[in-house]
Amino acid sequence: MHLVIVESPAKAKTINKYLGSDFQVLASYGHIRDLPAKDGSVRPDEDFAMDWTVDGKSERHIKEIVSAARTADTVFLATDPDREGEAISWHVLEELRRRRVLKDTDVKRVTFNAITKSAVMDAIANPRDLDQELIEAYLARRALDYLVGFTLSPVLWRKLPGSRSAGRVQSVALRLVCEREAEIERFVPQEYWTVDVALKNKDGQPFSGRLTHLDGQKLDKFGLKDEASATAAKAAIEAGAFKVAQVERKQTRRNPAPPFTTSTLQQEASRKLHFSAKQTMQTAQRLYEGVDIGGETVGLITYMRTDGVQMAPEAIESARGYIGREFGKDYLPGKAREYKTKAKNAQEAHEAIRPTEIMRHPSTVARTLDRDQFRLYELIWKRTVASQMESAVMDQVAVDMTDGSGKTTLRANGSVIRFDGFLKLYREDRDDDAEDESSRILPPLNENDPVERGKVTPEQHFTQPPPRYTEASLVKKMEELGIGRPSTYASVLAVLQDRDYVKLEQRRFVPEDRGRVVTAFLESFFNRYVQYNFTADLENQLDDISGGRADWKEVLRLFWQDFKAAVEDIQGLRVSDVLDALDKDLGPHLFPSREDGTDPRVCPSCSDGRLSLKLGKFGAFIGCSNYPECRYTRQLAESAGDPKEEQAGLAEGPKLLGQDPETGKDVTLRKGPYGVYVQLGEPEGEGKQKTKPKRASLPRGMDPADVDLEKALKLLALPREIGPHPETGEPILAGLGRFGPYLKHGDAYKSIGKDDDVLEIGLNRAVVLLAEAKTRKTAKPLKTLGKHPDDEGEITLHEGRYGPYVQHAKTRATLPKGKDPESVTLDEAVEMINAKAAKGGKKPAAKKAPAKKTTSAAKKAEGEEAAPKKAPAKKAPAKKTTAAKKTSSTAKKTTSTAKKAPARKKTGTDE
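The structure displayed is predicted, hence computed values, not measured ones. (Residues numbered from 1 in each chain as written. Predicted model: local features only at pLDDT ≥ 70, side-chain atom pairs only at ≥ 80, totals over all residues. Heavy atoms only, no water.)

Visitor: Is there a simple way to explain the nonpolar core in this structure?
Guide: Buried together is how nonpolar side chains tend to be arranged in soluble globular proteins. Ranked by size, the top nonpolar core spans 131 residues in total, and within it I301, L376, M478, F521 and F526 carry the most contacts. For this core, the leading source of residues is helix α5 (residues 132-159), giving 14 residues. Aside from chain neighbours lying at most four places away, what touches M478 is V169, A173, L176, I483, Y489 and V492. In this structure, L669, V676, A712 and L716 belong to the second largest nonpolar core, which totals 25 residues. (Core = buried A, V, L, I, M, F, W, Y, C linked by side-chain atoms within 4.5 Å. Buried < 20%, exposed > 50% of the residue type's maximum accessible area, 1.4 Å probe, protein only. Helix = DSSP H or I, 4+ residues; strand = E, 2+ residues; numbered from the N terminus. Contact = heavy atoms within 4.5 Å.)

Visitor: In this structure, what is going on with the side chain of T151? I would like to understand it.
Guide: Assignment of secondary structure puts T151 in helix α5. Looking at T151, its side chain comes within polar contact range of the main-chain oxygen of L147, at 2.6 Å. Non-local contacts of T151, meaning those with residues more than four positions away in its chain, are made with Y146, W560, F563 and V567. (Polar contact = N/O pair within 3.5 Å; in protein donor to acceptor, adjacent residues only side chain to side chain.)

Visitor: For this particular structure, what's the right way to read the sheet that holds strand β23 (residues 655-659)?
Guide: Two modes of strand pairing occur in sheets, parallel and antiparallel, and in both the strands are linked by backbone hydrogen bonds. If you walk across this open sheet you meet the four strands as β23-β24-β25-β26, and the pairing is antiparallel. A single partner strand is all that each edge strand has here, and the edge strands are β23 and β26 (694-697). Pairs of neighbouring strands in the sheet enclose a mean axial angle of 25 degrees, with direction left out of account. Sheet analysis places β23 next to strand β24 (residues 666-672), joined by four bridges and oriented antiparallel. Directly across from G658, in β24, lies its bridge partner V667. (Pairing = 2+ DSSP bridges. Axes fitted to C-alpha atoms, helices over the stretch in contact; angles between N-to-C directions.)

Visitor: Can you walk me through helix α6 (residues 170-186) in this structure?
Guide: Helical geometry: 3.6 residues make up each α-helical turn, so side chains three or four residues apart lie on a common side. Helix length check: α6, at 17 residues, gives a terminal C-alpha distance of 24 Å against a target of 24 Å (1.5 Å per residue), a fit within 8%. By the criterion of burial, α6 is predominantly enclosed, with twelve of the 17 residues buried. Those residues of α6 that fall on the buried side of the exposure criterion are Q170, S171, V172, A173, L174, R175, L176, V177, C178, R180, E181 and A182. (Expected span 1.5 Å × (residues − 1).)

Visitor: When you look at the state of the cysteines in this model, what are you seeing that I'm missing?
Guide: Enumeration over the complete set of coordinates arrives at zero disulfides. Among the cysteines around C603, which has no disulfide bond, C630 carries the closest sulfur, lying 3.6 Å off. (Disulfide = S-S within 2.5 Å.)

Visitor: Could you clarify how one ought to interpret the sheet that holds strand β30 (residues 748-751) in this entry?
Guide: The strand order β27-β28-β29-β30 describes an open sheet built from four strands, whose pairing is antiparallel. Of all the strands in the sheet, just β27 (720-724) and β30 have a single pairing partner and so form its edges. Ignoring which end each strand starts from, the neighbouring axes of this sheet average 25 degrees apart. Pairing analysis gives six bridges linking strand β28 (residues 731-737) to strand β29 (residues 740-745), with the strands arranged antiparallel. Bridging across to β29, A734 finds its partner in L743.

Quick look at the structure:
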């Protein structure tokens, strides 16, 4: 028996059909080991020793692999043919060795660029050893990402509360987005004018021309800088009669683009299909691993993580054969087109992304693919075939027309596709609504032909700032600069969005203020490590490792020596120094110049304080220098504010609604870190004796502009008593809690939905909502399965919010995914209940006979005299010492903090 290990269950399913009964194919489900998310997992002082741990979810898969490996004659490691695939194979092998299951078993590495029967069988017949250079390149990258993430991120958490993480590549990608936004903000539009003229040739056929020369001088872009100069140009054109002075014709050839690499596929899928980089790679992964076609699982495309643009000779011949049959000999070049990769390392420069079978036209597999899979496959297929087609031939025409004096010149440009070539099948980087240059066709025009002038139209323009990055343009820019590698771009862009450092608006990246603050911090104090050249050079060194041209530990030593020193230098930095640097760097963004020339840093609340960047527990904000006398705050970017909040008049600070008739205190509407709220009065007292004013948040959906004094007083009066429950007589309360508006009846709580108003909900509606909640809580089981063997308590089957489950006493166990509730037996239910109870540290208690209670009434019934009750002795309350009080208080705060503090996200894997 031979064991084949792949990383994906879908891949395992496909390969299993190709190999005979002598083979068993198992999946590792990706990486089985990783560096523990804690300090010390990479130890530079111990020659970069690394600790690895098996992920809890992977243990089940590893046990299955270990069991099969014990009896296998040969173990084939058949993970993906790239650096990550080599690393997964290495991890599996190391874990099998650690568990001492290989003994005399032969272990071989096999790779295939396409999951087809011929490719798989050829790989099995030609195995190799693990590539140690690729493994070392993986180890170096993993160690670098860990050291940067777990060393720099804690510095961010301490110096910049509210920040999430920093990464070797993600921070540089974030810098690109932030710098582009800063360019846009600094951009000053410049006015310019153009003059277009409607024209006709001698046969009356219309076309248009544009003014290029005036008074014998060639006009540059800003030649007509205002309306006056454009009007004068219009008058000069209208005063003259024009004829054709020169006709310039030029034939050009446009060559097809090479087949897709990882980067170009992400770019084109973004432009044409509006896919994110992550969506593109996930869809391509499914096409690579295989889909069911006529009862056979077939991989439709070659491996989708590649820097290579070359294709296998058989694929080129297949494409040329298809072109000749379907398009004719005119569309087939005399010899095959050959493309060369720019990748340094042959190991990583795999074949381009192409269909595994060129003859498998997209239309033949449309029924077996979902919409995204079909569109991506069609894109890959068209690009591949077009890359071997003949060039397009274009006739470009430029016509100059002058007036009688020869001092005023109009120009008309046009082009004609003389032969469409590859454009017949595929047009690169063209939006569906974009105008193609070939559509601008000029009528016949010859030198000295007169032209008839029509309407002259001056048009005002303003220069535009550079556009924000789309996923396609950001990927392209990162590749141009050598930042990261295409296989990591999807995860890097996803991390930036997950960390709330950037957001997508109209498919373009806009930096969040959190991201801009982090970038400003890194540029101010870790400038070297977010420099484009430094990051690109480090990538080249990592490539040298995989190419056998550099020692991986030496690369790590050189990096760590300087990086550690930079981190140590920043440790002693005061937060005030950080604030000063960030306030200076972000000043133009946070306090843009005003049209009226007034100082944008003057506090709008007290008119005396100076606004500047502040840091709080939950991140950065703008505050007044007169704090605590002035408590004006706002978010970093005014543009980030809610339009409803601006409409409510909160942009300039608290809004006075009136005075409370009972206390005479001011009632104000305010904007805080967690939203809009109303407040009664101001803080009173000094120091530890200071009391906080009463506050109440606005319920979700309430428009701040609609809040008046009456509504604010109602909010401040919450919780309010609605009335007594008709069955129990206990009061029903309505209030606002941590999770929104609620009803309370005794110990029962019920959330109030968006269709009900916490300020207006009445008794009848409240009773109905509480009854509905009670009904759902006490819903009857679907069926009773039987008695538990330990205590004879009933085991029941239920339909829950998250799916069907079985229950015994207070123990509930969710049914496995895909398990039919009707097929659950009592034995299966007992097994699930016991497993769940054991996992929770509890076991079903054995049934005990209830202890007999002897009450006073029972004793009297038996003829015994009940002992008279004694009043409990009073004890003097023990006084807590000051130290005990502090200890108790500290323990409570620690417990509270432990409950509330969110778990840190793992940052060591962030590039």
